[in-house]
Amino acid sequence: MTPVTAQTDEVICRRLPGRTAVVTGAGSGIGLATARRLASEGANVVCADIDQAAGESAAAQTGGSYVKVDVTDAEQVEELFRTAYDIYGSVDIAFNNAGISPPDDDSILTTGIDAWRRVQEVNLTSVYLCCKAALPYMQRQGRGSIINTASFVAVMGAATSQISYTASKGGVLAMSRELGVQFAREGIRVNALCPGPVNTPLLRELFAKDPERAARRLVHIPLGRFAEADEIAAAVAFLASDDSSFITGSEFLVDGGIAGAYVTPL
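These lines cover the structure that appears in this document, whether it is placed above or below. Computed from a prediction, not measured in an experiment: that's the story for all the values here.

**What to know about the sheet that holds strand β5 (residues 65-68)**
- The seven strands lie next to each other as β5-β4-β3-β6-β7-β8-β9, forming an open sheet whose pairing is parallel. Since the sheet does not close on itself, it has two edges, and those belong to β5 and β9 (251-254), each with one partner. Looking at each pair of strands side by side, their axes are set apart by 20° on average, direction ignored.
- By the bridge criterion, four bridges tie strand β6 (residues 93-96) to strand β7 (residues 144-149) in an arrangement that is parallel. Bridging from a neighbouring strand, N96 pairs with N148 of β7.

Here you go:
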């Protein structure tokens, strides 16, 4: 493999030359960092986002294509993957990453049914739709890697609950495991990426409003900090590449040690 210099000036191996990657939620945060990383490894990246300005910017940064999509709309999702195939001739990687974490999703005692349903639609139903749309292309090719963004909260409980978010990510994890098993012998791998708290605009906005809430979370991370989006992107690139060829149906934790901790270092 030929090393290239990525935007961060670190040496990256080009593990994905000529492969087509569809990234939802590509306009910011983990999605944007991942779109950049996959492009740096040689992939043709289709940047999908409901925010046109952010999505077009992501496409410009990656040399890829932008598709505006509401990931809760089945027809738009089908058109997204059809467009990726029509432009680049394959669908090799699907990073189903779009998600929300609104403030009205809180304790089960205070979260209304409308908030519950909105989070489920964006965080869980969209992953179902994206997998459903991507799989037929991968079946015809006899290969593919699907990475679905779950969360470390899918494997742990929290007293500071966001009940619908937590439930939606548990659903993503269970669905990814099942698909990973179901399609394994067709050359298609499906894994659930389970990040810990990530230093993204969404997290910074949340914690800027409530520093005490941030401190309460930070104390539980053995590494003593939040992840950077580029660190999560590196995990996605690994799962997308042949370096992870024997990994499917997994809960791939990138959480700074949270899920393995009982008492953290002082």
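**Brief notes about the state of the cysteines**
- Under the criterion given, the structure shown has zero disulfides.
- Not engaged in a disulfide, the cysteine C130 finds its nearest cysteine sulfur in C131; these two sulfurs lie 7.1 Å apart.
- On the accessibility criterion, C130 (2% relative accessible area) is buried.
- Here C194 stays free of any disulfide, with the sulfur of C131 as its closest cysteine sulfur at 14 Å.

**Comments concerning the side chain of T111**
- Looking at the secondary structure, you find T111 in the loop between β6 and α4 (113-141).
- A polar contact of 2.8 Å, which involves the side chain of T111, links it to the backbone oxygen of S107.
- Excluding anything up to four places from it in sequence, T111 contacts D104, D105, D106, W116 and I163.

**What about the nonpolar core?**
- The biggest cluster of nonpolar side chains holds 33 residues, and the ones touching the most others in it are V77, L80, F81, M138 and I146.
- Contributing elements (two or more residues each) for this core: β4 (44-49), α3 (74-88), α4, α5 (163-182) and β8 (188-195).
- The element that contributes the greatest number of residues to this core is α4, accounting for nine residues.
- In this view, V77 contacts V69, D70, V71, L129, C130 and A133; residues no more than four positions away in its chain are not counted.
- Membership of the second largest hydrophobic core comes to 30 residues, among which are A33, V45, A233 and A235.

The rules we used
Each chain carries its own residue numbering, running from 1 in the direction its sequence is written. Predicted model: local features are reported for residues with pLDDT of at least 70 only, side-chain atom pairs are reported and counted for 80 or more only, and whole-chain, interface and lining totals are derived from all residues. Remark: hydrogens and water are excluded; side-chain values derive from all non-hydrogen atoms of the structure. Whether two strands pair comes down to DSSP finding at least two bridges between them. Secondary structure elements follow DSSP: runs of H or I of four or more residues count as helices, runs of E of two or more count as strands, with numbering from the N terminus. Fitted lines through C-alpha atoms give the axes, limited to the stretch in contact for helices. The angle between two N-to-C directions lies from 0 to 180 degrees. Disulfide: a pair of cysteine sulfur atoms within 2.5 Å of each other. For every residue, the accessible area (1.4 Å probe, protein chains only) is compared with the maximum for its type, and the residue is labelled buried under 20%, exposed over 50%, or partly exposed between those bounds. Throughout this description, a polar contact denotes any pair of N or O atoms lying within 3.5 Å of each other; where both atoms belong to protein, one of them has to be capable of donating a hydrogen while the other can accept it, and for residues adjacent in sequence the pair is counted only when both atoms sit in side chains. Between two residues, a contact is recorded if the distance between any of their heavy atoms is within 4.5 Å. Put simply, buried Ala, Val, Leu, Ile, Met, Phe, Trp, Tyr and Cys residues joined by side-chain atoms within 4.5 Å make one nonpolar core.

Shape descriptors only; they carry no functional weight alone.
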